[in-house]
Amino acid sequence: MKRFLFLMVCILCNTGVFGQTTLQYHLKKGDVFKIKQDAEQVITQELDGASHEITNHIDGVLEFKVLGEINNGYEVTLTFKDLNLKMSSSIQGELMNVKAKEVKEEDMQSKIFNTILNNPVKIVLAKNGNILKVQGGDSLVSKMARASGLEDEFSINMMKTSLKNEFGSEALSNSYKQMTFIYPDKKVNINDKWENAYDGKLKTANTWTLKSIVDNKTKISGKAKVLMDITDANTSMKLSGTQTTTVTADTNSGFIINMLVESLTSGMSTMTQMGGEEIPTTIKSKITYELIKK
């Protein structure tokens, strides 16, 4: 009986060892991945018993092309192939509607966002998905500002400062870690958990769980505490909340097949034109990423 128990313990231990797997990216030079991104953000502000909703919708296509492998990672180009932005207000109606592929001579915004298309930036992607470096984001911002048609340097520099918050190298790095930085630095079993975090406008502390690996598909879920702290010339916003993520990735390459990110944050915002009065604010967002071509 003791021998039987000993054998069972050995079998179970071996099963645990062999069940462990290393989750990471396995990319080859020349690999190309096209991702469709769709994001909706609803900002609700309460003032004197009335609600004001601003809805932002962004969709587009991103292309990732592997340039080659480097020490513990990869050099990859990130290129916007399409980008559409729409903003509407429950009070003022439509505030912005830009299709980057459709340039209109009288529309400064269309010229600016058209410039972002087919202008690659280079990223250094660690095998766990952390984006270690972005090159070319600030150069892209300069091109976008010049495309605005503004002529005096002061106005151009003001435009650069604004665009850098969204499309500069650091901003792009922080933004797309959400999509790539999903893997642990150790071997894991099914139902194991690991943690990581990233900064930016949305500071996120993530706890990930490996749910399954079936038919070359890796399923991962994530829960996070998030903190949003934004301050610019006209607005400040301090919000906190939670975020949930579900991921299906290709086990062989490590690249996502689809991802859903949902978050809900609340807190206070202020606007200079309202004398800095604190306004209760809630932001609900939903972002999907889907592989459309490999």
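For the structure itself, look to the data block above.
Residues numbered from 1 in each chain as written. Predicted model: local features only at pLDDT ≥ 70, side-chain atom pairs only at ≥ 80, totals over all residues. Heavy atoms only, no water.

Novice: How do you make sense of the overall build of the protein chain when you look at a structure like this?
Specialist: Counting its secondary structure elements, the protein chain contains five helices and twelve strands. For the protein chain, the spread of C-alpha atoms along the three principal axes comes to 85 × 50 × 25 Å. Counting only residues that meet the buried cut, the protein chain has 41% of its 294 residues in that class. Excluding contacts between residues fewer than 6 apart, the proportion of contacts in the protein chain whose partners are at least 24 apart in sequence is 56%. Total accessible area on the protein chain stands at roughly 16200 Å², and carbon and sulfur atoms take up 52% of it. Counting 36 positive and 34 negative side-chain charges, the protein chain places the averaged centre of each group 11 Å from the other. (Helix = DSSP H or I, 4+ residues; strand = E, 2+ residues; numbered from the N terminus. Buried < 20%, exposed > 50% of the residue type's maximum accessible area, 1.4 Å probe, protein only. Contact = heavy atoms within 4.5 Å. Areas by Shrake-Rupley, 256 points an atom, 1.4 Å probe, with all protein chains shown as cover. Lys, Arg positive; Asp, Glu negative; His and termini not counted. Charge placed at Lys NZ, Arg CZ, Asp CG, Glu CD.)

Novice: What's the story with the packing of helix α3 (residues 137–147) against helix α4 (residues 153–167) in this structure? I'm lost.
Specialist: Helix-helix packing: each pair is described by the crossing angle between the helix axes and the interaxial distance. At a minimum axis separation of 9 Å, α3 and α4 run at an interaxial angle of 135°. Of the possible angle classes, the one that applies to α3 and α4 is oblique. Relative to α4, the crossing made by α3 is right-handed. Touching G137, D138, V141, S142, M144, A145 and R146 of α3 are E153, I156, M159, K160, L163, K164 and F167, all from α4. (Axes fitted to C-alpha atoms, helices over the stretch in contact; angles between N-to-C directions. Parallel < 35°, antiparallel > 145°, perpendicular 65-115°, else oblique. Left-handed = near helix turned anticlockwise from the far one by under 90°.)

Novice: I would appreciate a short explanation of helix α5 (residues 169–180) in the present structure.
Specialist: Note: α-helices contain 3.6 residues per turn, so residues at a spacing of three or four share the same orientation. A rise of 1.5 Å per residue sets the reference length of α5, with its twelve residues, at 16 Å; its end C-alpha atoms lie 16 Å apart and thus fit the reference within 8%. Within α5, ten of the twelve residues are buried, which leaves it mostly tucked inside the rest of the structure. Those residues of α5 lying buried are S169, A171, L172, S173, N174, Y176, K177, Q178, M179 and T180. (Expected span 1.5 Å × (residues − 1).)

Novice: Sorry if this is basic, but what is going on with the packing of aromatic side chains here?
Specialist: To describe a pair of aromatic rings, one takes the distance between the centres and the angle between the planes. Summed over the entire model, instances satisfying the criterion amount to seven aromatic pairs. Where F113 meets F167, the ring centres are 6.0 Å apart and the plane angle is 65°; that geometry is what we call edge-to-face. Of this pair, F113 sits in helix α2 (residues 108–114) while F167 sits in helix α4; the two residues are 54 residues apart in sequence, bridging distant segments of the chain. Ring pairs connect the aromatic residues Y25, F33, F64, Y183 and F255, which therefore count as one cluster. (Phe/Tyr/Trp six-rings, centres within 6.5 Å; stacked < 30°, edge-to-face > 60°.)

Novice: For this particular structure, what's the right way to read the nonpolar core?
Specialist: Within soluble globular proteins, side chains that are nonpolar generally end up buried alongside one another. Among the nonpolar cores identified, the biggest contains 53 residues, and F64, F167, F255 and I256 are the most heavily contacted of them. Examining the composition of this core, we find that six residues originate from one element, strand β3 (residues 73–89), more than from any other. The residues touching F167, leaving out its near neighbours within four places in the chain, are F80, F113, I116, G137, V141, M144 and L172. Of all hydrophobic cores here, the second largest spans five residues; its members include M228, M237, L239 and I283. (Core = buried A, V, L, I, M, F, W, Y, C linked by side-chain atoms within 4.5 Å.)

Novice: Whenever I open this one, the pattern of salt bridges confuses me. Can you help?
Specialist: Where charged atoms from two side chains of opposite charge approach closely, those side chains can pair. Going through the model one piece at a time under the given rule, you end up with four salt bridges. In this structure, K28 engages D31 in a salt bridge whose closest nitrogen and oxygen atoms are separated by 3.9 Å. Here K28 falls in the exposed class, since its relative accessible area comes to 55%. Take D31: its relative accessible area is 14%, and that puts it in the buried class. The partner of K86 in a salt bridge is E94, with the nearest N and O atoms 4.0 Å apart. For K86, a relative accessible area of 40% puts it in the partly exposed group. (Salt bridge = Lys/Arg side-chain N within 4 Å of Asp/Glu carboxyl O.)

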